[in-house]
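Read off the chains here:
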Number of protein chains: 2
Amino acid sequence: MNKDVVISSRIRFARNLTEYPFLSKLDPTSASEIIEKVKNVFPNYSSINFDKLNLLEMKSYVEKHLVSPEFISIKMPKCLILNYDLSIMVCEEDHIRLQCIKSGLSLDEAFAEACEADDMICGKLKIAFDEQRGFLTHCPTNIGTGMRASVMMFLPAMTMNKDISKIAPQLSKFGLTIRGLYGEGTEADGCLYQISNQITLGSNEEETINKLNDIINQIITKERSARDIIKGDKILDIIMRSYGILNYAHIINSKEFLKLYSDIRLGIALEYIKDFTFEEIDSLMINVMPATLTLHSGKQLNENERDIYRTEYIKNFLNKTD
Amino acid sequence: MNKDVVISSRIRFARNLTEYPFLSKLDPTSASEIIEKVKNVFPNYSSINFDKLNLLEMKSYVEKHLVSPEFISIKMPKCLILNYDLSIMVCEEDHIRLQCIKSGLSLDEAFAEACEADDMICGKLKIAFDEQRGFLTHCPTNIGTGMRASVMMFLPAMTMNKDISKIAPQLSKFGLTIRGLYGEGTEADGCLYQISNQITLGSNEEETINKLNDIINQIITKERSARDIIKGDKILDIIMRSYGILNYAHIINSKEFLKLYSDIRLGIALEYIKDFTFEEIDSLMINVMPATLTLHSGKQLNENERDIYRTEYIKNFLNKTD
């Protein structure tokens, strides 16, 4: 699963219904109809009516990577359908955005599961498909497979030795791209990088996934070698100081948390920290994000109160894993 | 005792024997004779032959404030006589430098004890004394009482709010001066400041001590008010982060330790940290100084090894006080 270097793997399909125009020309009544049709394909899955959520609740779904940041700004009836690792945004940029996220390097498993749901959609609904061009999508960059395969990688050693800057040009040769934690244009906080295919036309799904798997495995090897080189007193000191701050600080904002998270996750990888697993620190990372954390508190919190509440939440987590 | 603001109080007397020239004209044979004479005044006190010590051992006595930095560089037979809070340097700048150090604000107690030892010296040895000018000393700045009364103060809040810079000009009006941790020309690391009289002529010992006590009490009040003002989330965060680093870091140099020490000592004063006392953290501070720490290790340590050994020493201390 390579969890020391790979946080998660994601397969996403973009699909549109033939009977309705794309989002830019869609009217709210049609949007509601689409939502009903997709819900009927998955009668046993839970569905969340996004129109009834407040901003904080919507942002928390973004932090959990269950919806895109764009989804919450779309002014149209919209719905999220959920079932374990599977989530379906209805009325995002495309009528249907279906994704499966799995932890670690699990592109094949995520693909298999996403295909199963996609087969149900394509079987029960009339999906826009062209023999020549494949699936038709709102944005031309998705036409063809309509698939985005992406892997969230944790690359602290390659960030430290600056090798990370050499990756982007190499990736683009293979039709791949690298981005920060929350998609396009976001920073690589926490040494987290999302690597995904850019090309959806002229290459089938399996080829795309195989190529991505190949490249990811090469990066994993590079990151591990870089970690072997930095291992020693100096990095141990950096890691343990961050661990000390995590245990003792009274105010930690989310930007600083991502820095501490990164140091501690590296500490687990280098076996300096044995108090918890990658999964535990990864789920802590999501849970202390601003919106998710504020929701958990059950209160209105200003920034300072939230940063203090974050440290209480962290201390509870650290005590539980003792 | 005011230990939240005052680390220690010290009374020092400078004395010289009439039969011998001052240090600059002294020959080694005479120096040895002086050492024997002073030792004979205190036959039950332990005496340390400084000629037999290595540099590390000598530096450790400096770190413990039992000898001056100047003492170890004097090329002459020299000796340290010790008994609890009392220490006597023989053949420093003056033939005899007698001091008594007590923890907290205890100038009167230190003065009483130093006088007792001084009476024995003046009773048994011929001490250079002039009816008009008082005790004669090597440096004219000590002529008169030959007494230096000093108080080591811990002033973190006045350092933060910069009021500390206003103190020096005020003190000089009263014939007092302020310096860093290890005397003249040293930095005020750890927010530690030594305040002492500059004048030894035209004022008797009691007047000098009363004046110093008065001023110290005024500064204590100011420092405590400043602490009340800074108390809150922000300072709690700073203190607890330093406590976290002290508990977790792998490499801590002595300069950084003084910063952490200062934060933690303030944390004890503000009752944020209740795991140990002022005395415990003060003695830790001395024990992790470079020379004292290296001696304790029983090994030759390079700088990096010493900084790592310091963290081990600190962790042992923290575990003991748990």
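Bear in mind that the values here come from a model prediction, so they are computed numbers and not experimental data.

Novice: Before we go on, may I ask you to explain the pattern of salt bridges in this structure?
Specialist: Any two side chains of opposite charge can pair, on the condition that their charged atoms come close. All names here are of chain A. Within this structure, the stated rule accounts for 39 salt bridges over all chains. As a salt-bridge pair, Arg97 and Glu92 come within 3.7 Å of each other at their nearest N and O atoms. Shared partners join several salt bridges into a network, and the residues in it are Glu92, Glu93, Asp94 and Arg97.

Novice: I'm lost on the relation of the copies chain B and chain A in this one. Help?
Specialist: A rotation about an axis combined with a shift along that same axis relates the two copies of the chain. Relative to chain A, chain B is turned by 180° and slid 0.1 Å along the rotation axis, the superposed coordinates differing by an RMSD of 0.0 Å. Put plainly, the chains are arranged around a two-fold axis. Taking C-alpha positions as the reference, the residue of chain B nearest the rotation axis is Gly244 of chain B, at 2.1 Å. Comparing contact sets, 100% of the residues at the interface of chain B also lie at the interface in chain A, consistent with an isologous, same-surface contact.

Novice: For this particular structure, what's the right way to read unusual backbone geometry?
Specialist: Among all residues save glycine, negative phi is the norm, and among peptide bonds the norm is trans. Residue and element names in this part refer to chain A. Phi at His65 is positive, roughly 60°, even though this residue is not glycine. In this fold, His65 is placed in the loop between helix H2 (55-63) and helix H3 (69-73). Note on His65: relative accessible area 23%, which makes it partly exposed. Even without being a glycine, Cys91 presents a positive backbone phi close to 70°. The residue Cys91 is located in the loop between strand E4 (86-90) and strand E5 (96-103) in this model. Overall, Cys91 belongs to the buried group, its relative accessible area being 1%.

Novice: How should I be thinking about the environment of Phe174 of chain A in this particular structure?
Specialist: Residue and element names in this part refer to chain A. Positionally, Phe174 belongs in the loop between helix H6 (164-173) and strand E9 (176-179). For Phe174, a relative accessible area of 40% puts it in the partly exposed group. Once the C-alpha coordinates of Phe174 and Thr208 are considered, the two residues, 34 residues apart in sequence, prove to be 9.7 Å apart. The contacts of Phe174, once residues within four sequence positions are left out, are Lys211 and Ile215.

Rules used throughout
Residues numbered from 1 in each chain as written. Chains lettered and ligands numbered in written order. Predicted model: local features only at pLDDT ≥ 70, side-chain atom pairs only at ≥ 80, totals over all residues. Heavy atoms only, no water. Salt bridge = Lys/Arg side-chain N within 4 Å of Asp/Glu carboxyl O. Least-squares fit on C-alpha atoms with pLDDT ≥ 70 in both. Contact = heavy atoms within 4.5 Å. Helix = DSSP H or I, 4+ residues; strand = E, 2+ residues; numbered from the N terminus. Buried < 20%, exposed > 50% of the residue type's maximum accessible area, 1.4 Å probe, protein only.

Function-wise, these values are silent; they only describe arrangement.
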